[in-house]
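Breakdown of the fold
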Amino acid sequence: MTVLFDRPPEAARPVREVAGYPQTWRRTPRAPLVRRPLTLSETTGPLEPARRLRPLGGELAGAGERRAIGQAIRLRLRIVDQGGVPVAGALVEMWQANAAGRYVHPNDDDHAPLDPNFYGAARLVADADGRIEIRTVKPGAYPVPTRDGWWRPPHVHFSVFGRVWLARLVTQMYFPGEPLNAQDRILNAVADPEARERLIARLVPPTGDPYDELVYEHRIVVRGREATPPQP
Amino acid sequence: MIPTPEQTLGPFFLPRFVDADANDLTQLEGRRARGEPIEIHGVVTEEGGAPLENLIVEIWQADAAGIFRHPLDPRHREADPDFLGWGRAATDREGRYLFRTIRPGAPAGRAPHINLMLMYSGLMRILKTALFFEDGPGNDADPVLRCVPPERRGLLVARREAPGRYRFDIRLRGEGETPFFDD
């Protein structure tokens, strides 16, 4: 079996230096990146990182007296490769701001309040069908402290391990219909509008049950596809 | 299908995601990996030389026999069962990272090396590089190292400070900039 790594089109990747995002100009390499032949080293990768990393459950919203403040939502994620094959066992890390737009992180000195009932992180392993489900609250928007000031729209961060080194992905998921999406410098660093659309989750039509949360579905495609089906 | 676009890690990747022993590849669930334990350490800086705190470094490498623990490696059934080949570290306030690992053997057609990946606020895409050893062997013939312009190859070679201890500084931009790969 071999795995093919089609290069993603440039317009479907973020530009690396972003106007109004000063850190990108101090940290992005100046020299052209080096193209290399792919050997086993790049086309294999860690399959069991979860043996080094402790799990963190997907129930973030809580219940009763421990219920986090904010709109409870359910995120249904599916991790597939470029051939559409589910990545069973994919390790996924997720983190987000609370409903007020504040992270539980020493780097976040925003004035928005912390919520004692919300930590805002999960680490899960996808099932045989590449699926993961997280019950959380919808994150708030927050201002980015730069000179000309801009706001991040509500978003959720994901770190995903595929089956090979080149499939490793760090990305963010956005919500449909958010007015701040159109101005976000990180989302709009991806030039192709169709590629940006693939970063936005889909709202599933609500059920009639008032106790159900709003459900968002989202597909994450990691790099690589099998050239031949795996042998039994 | 086209892969989901990358987005920056941002400044809020939780310290909790960097588990206490995630940078120690020399043991797995209490059992020691085969081979020579080594330490790889260094400082990560941005343009102007300022150290970067809480930057995430991940590594992937072959075991002491040069085998990758992955079914695509034809020799994977002989891979060391007590070596995962993967680890994660975060830089401290002075920009320092540290891995305890096993000296990798030479995979077929390659010099001994360790793959590194950097994730951080301001990095719109993951940065990928590779580390080679000052005391080689086979660096001159490595097909990946040979893709790097000759005058920059030395920047991918870790310096031997003491037996089993190597220093590999990473400069993201500017003078002495580390070569990075685009795959």
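This report concerns the structure included in the present document.

Here is what the cut-offs are and how they apply
Residues numbered from 1 in each chain as written. Chains lettered and ligands numbered in written order. Predicted model: local features only at pLDDT ≥ 70, side-chain atom pairs only at ≥ 80, totals over all residues. Heavy atoms only, no water. Helix = DSSP H or I, 4+ residues; strand = E, 2+ residues; numbered from the N terminus. Rg over C-alpha atoms; globule rule 2.2 N^0.38 Å. Buried < 20%, exposed > 50% of the residue type's maximum accessible area, 1.4 Å probe, protein only. Contact = heavy atoms within 4.5 Å. Areas by Shrake-Rupley, 256 points an atom, 1.4 Å probe, with all protein chains shown as cover. Lys, Arg positive; Asp, Glu negative; His and termini not counted. Charge placed at Lys NZ, Arg CZ, Asp CG, Glu CD. Core = buried A, V, L, I, M, F, W, Y, C linked by side-chain atoms within 4.5 Å. Phe/Tyr/Trp six-rings, centres within 6.5 Å; stacked < 30°, edge-to-face > 60°.

A closer look at the overall build of chain A
A tally of regular secondary structure across chain A gives three helices and 12 strands. In terms of overall dimensions, chain A is globule-like: its C-alpha atoms have a radius of gyration of 19 Å, near the 17 Å expected for 232 residues. The principal-axis extents of the C-alpha atoms in chain A amount to approximately 50 × 45 × 35 Å. Taking all 232 residues of chain A together, the buried fraction comes to 53%. In chain A, of all internal contacts separated by at least 6 residues, the share reaching a separation of at least 24 is 70%. By element, 56% of the accessible surface of chain A is carried by carbon and sulfur atoms, the whole surface being about 10,700 Å². Averaging the positions of the 32 positive and the 27 negative side-chain charges in chain A gives two centres separated by 6 Å.

Topic: the nonpolar core
Residues and elements named next belong to chain B. Within the largest apolar cluster, 37 residues are counted, with the highest numbers of intra-cluster contacts made by Ile40, Tyr97, Leu118, Phe168, Ile170 and Leu172. Every element with two or more residues in this core is listed here: β3 (37-45), β4 (56-60), β6 (96-102), β7 (113-119) and β8 (127-133). When residues in this core are grouped by element, the largest group, five residues, is from β8. Leaving out residues up to four positions away in the same chain, Leu118 has contacts with Leu55, Ile56, Val57, Leu123, Ile126, Leu127, Ile170, Leu172 and Phe180.

What to know about the packing of aromatic side chains
All names here are of chain A. A full pass over the atoms with the stated rule returns 12 aromatic pairs over all chains. Seen in terms of ring centroids, Phe175 and Tyr216 are 5.0 Å apart; in terms of plane orientation they differ by 85 degrees. Their pairing is edge-to-face. In this pair, Phe175 sits in the loop between β9 (169-174) and α3 (193-197) while Tyr216 sits in strand β11 (residues 214-222), placing the two residues 41 residues apart along the sequence. Residues Phe175 and Tyr216 agree in their burial class; the two are buried.

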